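# Structure at a glance
The lines below spell out each chain.
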Amino acid sequence: MLVLSRRRGEAVVIDGGIRIVVLESDRRMVRLGIEAPATTGIQREELVSVVAAENRRAGARRDRKAWIEALPLLPRRPAAMPTE
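Counting from 1, residues in each chain are numbered in the order their sequence is written. Per-residue local features of the predicted model are confined to residues with pLDDT of at least 70, and side-chain atom pairs are confined, for both listing and counting, to 80 or more; whole-chain, interface and lining totals are unaffected and use all residues. Excluding hydrogens and water, the side-chain figures rest on all heavy atoms present in the structure.

Salt bridge, as used here: a side-chain nitrogen of Lys or Arg that lies within 4 Å of a carboxyl oxygen of Asp or Glu. For the structure shown, the criterion picks out four salt bridges. When the shortest N-O distance is used, the salt bridge between Glu 10 and Arg 6 registers 3.8 Å. Three exposure classes are used, based on accessible area relative to the maximum for each residue type with a 1.4 Å probe and protein chains only: buried under 20%, partly exposed in between, and exposed over 50%. Owing to a relative accessible area of 29%, Glu 10 belongs among the partly exposed residues under this scheme. The class of Arg 6 is partly exposed, set by a relative accessible area of 40%. The residue Glu 46 makes a salt bridge to Arg 44 at a minimum N-O spacing of 2.8 Å.

Here it is as structure tokens:
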């Protein structure tokens with residue numbers, strides 16, 4: 001995991017044209033702005049877990065099963081969502 005210190009207005013650029021900007025920060029929270037290509041899926045981590053659990057409960061298609069089961073093992077960094 002890469003750990004960086006950034007101030008308000010400073011950004012980090014990730015391969016593939018993804019730019020993350022610190023919009024605001026205080027002792028409790030950081031607000032981030034994310035600029036990415038329209039083809040890049042961006043989701044909050046807690047929502048990905050909820051959707052994966054619901055897909056398992058609903059009997060997701062067999063070819064998606066391996067991807068869904070691997071979600072908790074994903075690294076904690078932004079990554080593109082798989083496409084069909």
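After that view of the structure, there is still more to cover.
Pairing between sheet strands relies on hydrogen bonds along the backbone, with the strands arranged either parallel or antiparallel. Only when DSSP finds a minimum of two bridges between them are two strands counted as paired. For the purposes of this entry, the term helix denotes a DSSP run of H or I that reaches at least four residues, the term strand denotes a run of E that reaches at least two, and both are numbered from the N terminus. Spatial strand order, S1-S2-S3: three strands in an open sheet with antiparallel pairing. Two strands bound the open sheet, and with one partner strand each, they are strand S1 (11-14) and strand S3 (30-35). Between one strand axis and the next, the sheet turns by 25 degrees as a mean value, whatever way the strands run. In the sheet, S1 pairs with strand S2 (residues 18-25) via four bridges, with the strands oriented antiparallel. Residue Val 13 lies in a different strand from S2, and its bridge partner there is Arg 19. Axis geometry follows a simple rule: fit a line to the C-alpha atoms, using only the stretch in contact for helices, then measure angles between N-to-C directions, giving values from 0 to 180 degrees.

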